[in-house]
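Here is what each chain is made of, one letter per residue.
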Amino acid sequence: MTSQTSALPGASRALPAQFGKTFVVTGANAGLGYFTTEQLAAAGAHVVLACRNLAKTEAAVAAIHARVPGASVSAIPLDLSDLTQVHRAADALLELPRIDGLILNAGIVHPPRTRELSPDGHELVFATNYLGHFALTARVLPALRRTPGSRVVALGSMISRLLDSPLLDLQLESGYNRWKAYAQSKIAMQVFGFELDRRLRAAGAGGTDGVQSLVAHPGYSISGLTPGIRGVNQPSRANRFADTLQSFGAQGKDAGAWPTVSAAVDPDARGGDYYGPRYLTRGLPTLQEPTRTSLDPAVAESLWSRSELHLGAPFSI
């Protein structure tokens, strides 16, 4: 694999061997998270599925064992909208001897039509897609720092190119729009991913031998173009037909996972890299240019400080 082409022709056998490595994938029981997990497990890694729904997690684990003989996977409960659960999951992850990759994948893809609050009183999409990941990374960082060459991969979205935001109203208290909620949460993830790498480097904890933070986006990845897997992805015939009509500009979630996996294991990848499909919505993963907002230090500083304020604790590096 090269940093520019990172070819993953549909199968994890194209990946560098990952035996002896441990990856944690949030939201690993379905969609992009499932295929990220399956591909890493097929390359020999041990993968921890950090998920909210126990029944769906068990189905995903069973599917991985059926599709990847000898796969090494385990699971921990994690509801990112609930900071108490985030702290509990982080404590469990800190017991692992190493974490080579923390993949921040989970999120609400179809936001509620009206503004809802998390158990901690935060806007639900912001809390689930971003703030919970910020808190998890902060608490798991010691395990990453004791693992040479570890990586954090934040999952962004191409929506950052369609709906920009300076992230001034993170909680959308002045007016809620479901797609603005989603867009802001994904822009925040990208801003966080790039800022984390800058801060790691500034603290002397980054670089190829330290912790590197990268960002990836899956393009336009939809269920109807994704392989059917019992208990994981079972689109209806109508859904498959409708999604097939979009195949010229879309791809399955198995392919949508490739940029994330590339960011996690490509030996040529470096902290601060941004991976996505070659043709924006679909295609093999390549290095891409982030949006200006995603790299804006002022936006990042404001987001970071307000995130610490919401958590009531500093993110220490």
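Every residue gets a number counted from 1 within its own chain, in the order that chain's sequence is written. Where local features are concerned, this predicted model is filtered to residues with pLDDT of at least 70; where side-chain atom pairs are given and counted, the filter is 80 or more; whole-chain, interface and lining totals use all residues. Here the side-chain values reflect all heavy atoms present in the structure, with hydrogen atoms and water set aside.

What about the packing of helix α3 (residues 83–93) against helix α4 (residues 124–145)?
As a reminder of what qualifies: Working convention: axes come from line fits to C-alpha atoms, limited for helices to the stretch in contact. Angles between N-to-C directions cover 0 to 180 degrees. Going along the chain from the N terminus, every DSSP run of H or I of four or more residues is numbered as a helix, and every run of E of two or more is numbered as a strand. Working definition: roughly parallel below 35 degrees, roughly antiparallel above 145 degrees, roughly perpendicular at 65 to 115 degrees, and oblique for all remaining angles. Crossings are assigned a handedness: left-handed for a near helix turned anticlockwise from the far helix by less than a right angle, right-handed for a clockwise turn. Should any heavy atoms of two residues lie within 4.5 Å, those residues are counted as being in contact. We call Asp, Glu, Lys and Arg charged. Ala, Val, Leu, Ile, Met, Phe, Trp, Tyr, Cys and Pro are nonpolar, and the rest, Gly among them, are polar.
Look at α3 against α4: their axes get within 9 Å of each other, and the N-to-C directions meet at 30 degrees. The pairing of α3 with α4 is recorded here as roughly parallel in orientation. As α3 packs across α4, the resulting crossing turns out to be right-handed. Residues L83, V86, H87, A90, D91 and L93 of α3 form the contact with α4, whose own contacting residues are G132, A135, L136, R139 and V140. In the contact of α3 with α4, the residues fall into seven nonpolar, two polar and two charged.

Overview of the confidence of the model for the protein chain
Note the following rule: Per-residue confidence from the prediction method is given by pLDDT, with values spanning 0 to 100.
On average, the protein chain scores 93 in pLDDT, and the residues at 70 or more come to 95%. This model gives residues 1–13 a pLDDT under 50, and the stretch forms 44 contacts once residues within four places in sequence are excluded.

What about the pairing of strand β6 (residues 212–216)?
Put simply, the rule reads: Categorising residues by exposure relies on relative accessible area from a 1.4 Å probe, with only protein chains included: less than 20% of the type maximum marks a residue as buried, more than 50% marks it as exposed, and the intermediate range marks it as partly exposed. When DSSP locates at least two bridges between a pair of strands, those strands are taken to pair. A right-handed crossover is one whose linking path, passing over the helix from the first strand to the second, runs clockwise when the strands point away from the viewer.
Counted residue by residue, β6 has five buried out of five residues, so it is predominantly covered. Bridge count between strand β5 (residues 151–155) and β6: five bridges; the pairing is parallel. Each residue of the ladder has a partner; that of V153, found in β6, is L214. Read as a crossover between parallel neighbours, the route from β5 over helix α5 (residues 178–202) to β6 is right-handed. Taken together, the two bridges between β6 and strand β7 (residues 274–277) define a ladder with parallel strand orientation. Opposite V215, over in β7, you have Y274 as the bridge partner.

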